[in-house]
Amino acid sequence: MIHRLTARARGLTAAVFAGALALGVVPAIAASPAASAIVSVAEGPPFRVIRDAGVYAASRGIILSPGDIVESQPASFLVLEIKGAGTAALVGIGPATRAYWMPGRDSITLALLEGWIKVDTGPTSAGPEVRALARRLGAASSGGVYVLHAGADGDEVFHESGTMTLYTLKPDGTATAGASKPSEFASRAGTSGALQTRLGPAAAFVAGLPAAFRDPLPAGLSAKLRGGAEPRPVRQVSYDDLAQWLAAPRDWRRGFIERFEVRLEDPLFFRAMDQHMSAHPEWYRILHRSPAASAP
Amino acid sequence: MKIALKFNALLLVLFVLVLGTTYWIARELLESNARAGVEENARIMMRSALAVRSYTSSQIEPLLAGQMHYKFLPQTVPSYAATEYFHSLAASADLRDYAYKEATLNPTNPRDRAVEWEIDVVNRFRQHPELGELVGERDTEFGKSLYLAQPLQIKDPACLACHSTIAAAPQTMTEMYGTANGFGWQPQEIVGAQIVSVPQSVAIQRADAIVTRILYLLAGLFLVLFIALNVMLTLLVLRPMKKLGTIADQVSLGRMDAPEFPAHGRDEMAALGRSFNRMRRSLVEAIEMLEK
């Protein structure tokens with residue numbers, strides 16, 4: 001009973017919040033004082049941000065913060081200027097890319113579901129460390145440049161310059177760190193394929209690389225932005241928006257229950273969650289709180 | 001031999017001497033001037049090549065440095081840029097005989113490999129490092145060509161980033177050009193020569209054409225002079241002399257009624273005519289006195 005009441009109260013609060021959000025009464029959540037990112041370049045069609053349980057249409061000039069999921073369109077190119085410890089790192093988001101700024105980590109950590117990310121943390125080690133993780137490979141640097149590609153069949157990392165740590169990911173999302181040297185290219189295919197490394201990027205990688213990633217990411221463009229733009233609320237997230245994120249490595253899904261539970265008030269969302277329970281079994285106890293319900 | 005003939009013969013010899021001397025002097029001067037012009041063109045071409053190299057290394061290479069991680073771009077290489085610039089120039093039909101090459105003994109790009117005569121030029125620089133420049137002529141299928149060469153010496157350590165060892169070279173570069181050539185260069189080594197080739201035959205032909213035109217002009221002038229001198233000789237000297245001779249003959253044959261020589265003017269022929277007339281009158285008076 002208490003659970004039901006609490007769930008109902010939360011649902012009511014969420015409905016009020018959503019309404020207020022739609023009306024523009026509630027402002028966008030401010031960036032965390034620890035790190036924030038401004039979208040200094042946004043070429044192509046508008047990209048979208050999933051913030052809390054809402055979907056927003058976004059454009060150049062908006063501020064991103066930990067917890068935001070950024071999804072670009074085909075033919076899009078975004079540059080985020082992440083500020084931290086007094087210096088800025090640049091993150092390039094390629095076309096058809098879905099990335100999640102994971103909150104509560106000891107460094108700026110981006111989970112890459114699919115697509116291309118280029119990270120430039122500057123020529124020295126004075127910048128913030130930016131870690132980017134795909135399902136099979138990841139990288140981190142505080143004084144270097146690297147490109148991470150998450151494909152359907154495999155992941156690739158190219159260490160362009162400076163210093164970089166290469167990560168090999170396990171299915172649960174935990175990572176093993178390894179050394180890397182400039183111009184080294186690493187790839188890993190399949191669900192548990194072996195790590196392959198070589199000097200210089202593979203031809204297929206270069207062929208698929210977004211053209212804008214071949215050049216250094218443009219820096220300092222945020223200084224030309226007059227004021228922070230606000231993303232435009234579109235709707236609440238649907239199951240289709242979250243399906244792949246809910247099936248992502250478990251480590252990436254930390255906090256998703258608290259974040260998206262409010263959407264269970266939507267019968268369609270609830271039904272879809274229930275139908276795909278095997279992909280996200282941790283939701284079972286939320287969907288079926290009665291002890292009489294059978295386990296999957 | 002008649003005076004006119006002697007005069008014309010002398011004049012002709014003089015004309016031939018003058019024409020011959022003029023031809024020889026004019027040809028030397030104009031051909032020397034043509035060679036100087038060709039050499040000047042070659043120097044301008046060499047300086048253009050150096051300017052393109054400098055522009056490439058200072059402006060183009062930094063802009064494309066990021067892309068070089070993914071694909072080797074020969075457009076960032078100064079020697080490639082200079083060579084391509086002149087290839088574009090030589091694509092025009094009227095400039096096809098102009099050439100620029102960075103002839104190298106051990107090049108990365110096979111098209112830069114030095115051929116026989118270029119090897120001689122490079123070796124000359126290697127044996128005499130104090131030489132800053134070589135200028136020479138050689139025969140080509142298109143005629144004589146002047147070449148201007150300057151040594152290619154490894155003075156900038158940055159050059160060795162791609163040309164020292166295979167391991168140190170960018171992966172993207174070895175993927176494009178292979179690992180067989182263009183390595184093992186040493187600091188301060190003269191590895192090749194920048195050679196500009198400029199056709200000389202056109203300039204020399206142009207100079208010879210000018211000389212020919214000058215000769216024709218001179219010959220024409222000489223002809224006009226020749227005719228004018230002959231006309232003046234006839235009118236002013238030969239004809240009056242002939243008339244004087246005719247009157248003298250008549251007087252010598254006793255025909256005292258022969259007309260006097262018409263001595264008008266103040267020139268030598270008029271003075272001669274007046275003197276002849278006085279002599280004739282004195283002779284007539286003397287004969288009349290004797291007859292009395």
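Definitions and cut-offs
In this numbering scheme, every chain counts its residues from 1 along its sequence in written order. As a convention, the first chain written is A and the first ligand written is 1, with the rest following in written order. Given that the model is predicted, a residue must reach a pLDDT of at least 70 before its local features are reported, and side-chain atom pairs must reach 80 or more before they are shown or counted; all residues, however, enter totals for whole chains, interfaces and linings. Counting from the N terminus, the helices are DSSP H or I runs at least four residues long and the strands are E runs at least two residues long. Whether a residue is buried, exposed or partly exposed follows from its count of other C-beta atoms within 10 Å of its own C-beta, namely 20 or more, 12 or fewer, or something in between, respectively; the C-beta atoms are built from the backbone. Once C-beta atoms are placed from the backbone, any two residues with those atoms within 7 Å are in contact. Based on C-alpha atoms, the radius of gyration is set beside the globule rule, defined as 2.2 Å times the residue count to the power 0.38. When residues are sorted by character, Ala, Val, Leu, Ile, Met, Phe, Trp, Tyr, Cys and Pro go into the nonpolar class, Asp, Glu, Lys and Arg into the charged class, and all the rest, Gly among them, into the polar class. Note on terminology: a nonpolar core is a set of buried residues of type Ala, Val, Leu, Ile, Met, Phe, Trp, Tyr or Cys, with members joined through C-beta atoms within 7 Å. Scored from 0 to 100, pLDDT records how confident the predictor is in each individual residue. Expected span of a helix: the number of residues minus one, times 1.5 Å. By definition, the arc is the one covered by directions from the helix axis to the C-beta atoms. Every axis corresponds to a line fitted to the C-alpha atoms, with the helix fit spanning only the stretch in contact, and the corresponding angles, defined between N-to-C directions, vary from 0 to 180 degrees. Roughly parallel covers angles under 35 degrees, roughly antiparallel covers those over 145, roughly perpendicular covers 65 to 115, and oblique covers all other angles. Two helices that cross are described as forming a left-handed crossing if the nearer one is turned anticlockwise from the farther one by less than a right angle, and a right-handed crossing if clockwise.

What follows covers the overall build of chain A. In terms of regular secondary structure, chain A is built from six helices and 16 strands. A burial count over chain A gives 38% of its 296 residues as buried. Long-range contacts, defined as pairs at least 24 residues apart, comprise 55% of the intrachain contacts of chain A with a sequence gap of at least 6.

Assigned secondary structure in chain B consists of seven helices and four strands. For chain B, the α and β elements follow one another from N to C terminus as α-α-β-α-β-β-α-α-β-α-α. Its C-alpha radius of gyration of 39 Å places chain B more than 25% over the 19 Å reference for a compact globule of 292 residues. Oriented by its inertia axes, the alpha-carbon framework of chain B measures out at about 135 × 35 × 30 Å. Counting the 292 residues in chain B, one finds 21% classified as buried.

What follows is about the interface of chain B and chain A. When the parts come together, some accessible area is lost, and that loss is often what is quoted as the size of the interface. Each side of the interface is counted separately: chain B has eight residues, and chain A has 10 residues. The residue makeup of the side of chain B that touches chain A, split by class, is one nonpolar, five polar and two charged.

Core analysis: the biggest nonpolar cluster contains 65 residues, and V91, L112, I117 and L148 of chain A have the highest contact counts within it. Considering each element in turn, this core owes the most residues, eight residues, to strand β11 (residues 137-150) of chain A. With residues up to four places along the chain from it excluded, the contact list for L148 of chain A reads L112, I117, A132, A134, A139 and V157 of chain A. Ranked by size, the runner-up nonpolar core spans 29 residues in total, among them A42, A114, V198 and A203 of chain B.

Low pLDDT means the predicted coordinates in that region are not meant to be read closely. Residue and element names in this part refer to chain A. In this model, chain A carries an average pLDDT of 84, and 83% of its residues clear a pLDDT of 70 or more. Note that residues 1-33 has pLDDT below 50 and, in this model, 23 contacts with residues that lie over four places away or in other chains. Note that pLDDT drops below 50 for residues 292-296; the model gives that stretch five contacts with residues more than four away or on any other chain.

What follows concerns helix α3 (residues 116-127) of chain B. Residue and element names in this part refer to chain B. Under the 1.5 Å per step criterion, the end-to-end length of α3 is 16 Å for 12 residues, consistent within 8% with the ideal 16 Å. Those residues of α3 that fall on the buried side of the exposure criterion are E118, V122 and F125. The buried residues of α3 occupy an angular sector of 55 degrees when the element is viewed end-on, so they sit on one face. Relative to its buried face, α3 has exposed residues pointing more than 90 degrees away, namely E116, W117, D120 and Q127. On the buried face of α3, the contacting elements are β1 (99-104), β3 (143-153) and β4 (190-199).

Looking now at the packing of helix α1 (residues 3-64) of chain B against helix α6 (residues 201-252) of chain B. Residues and elements named next belong to chain B. Across the interface, α1 lies against α6 with an axial gap of 9 Å and an inter-helix angle of 160 degrees. Between α1 and α6, the crossing angle belongs to the class labelled roughly antiparallel. Remark: the crossing between α1 and α6 carries right-handed chirality. When grouped by side-chain class, the residues that make up the contact of α1 with α6 number 25 nonpolar, five polar and three charged.

The next point concerns the environment of G154 of chain A. All names here are of chain A. For G154, the position within the fold is in strand β12 (residues 154-169). Its 18 C-beta neighbours within 10 Å are what place G154 among the partly exposed residues. Taking the C-alpha atoms as reference points, G154 and A134, 20 residues apart in sequence, are found 9.4 Å from one another.

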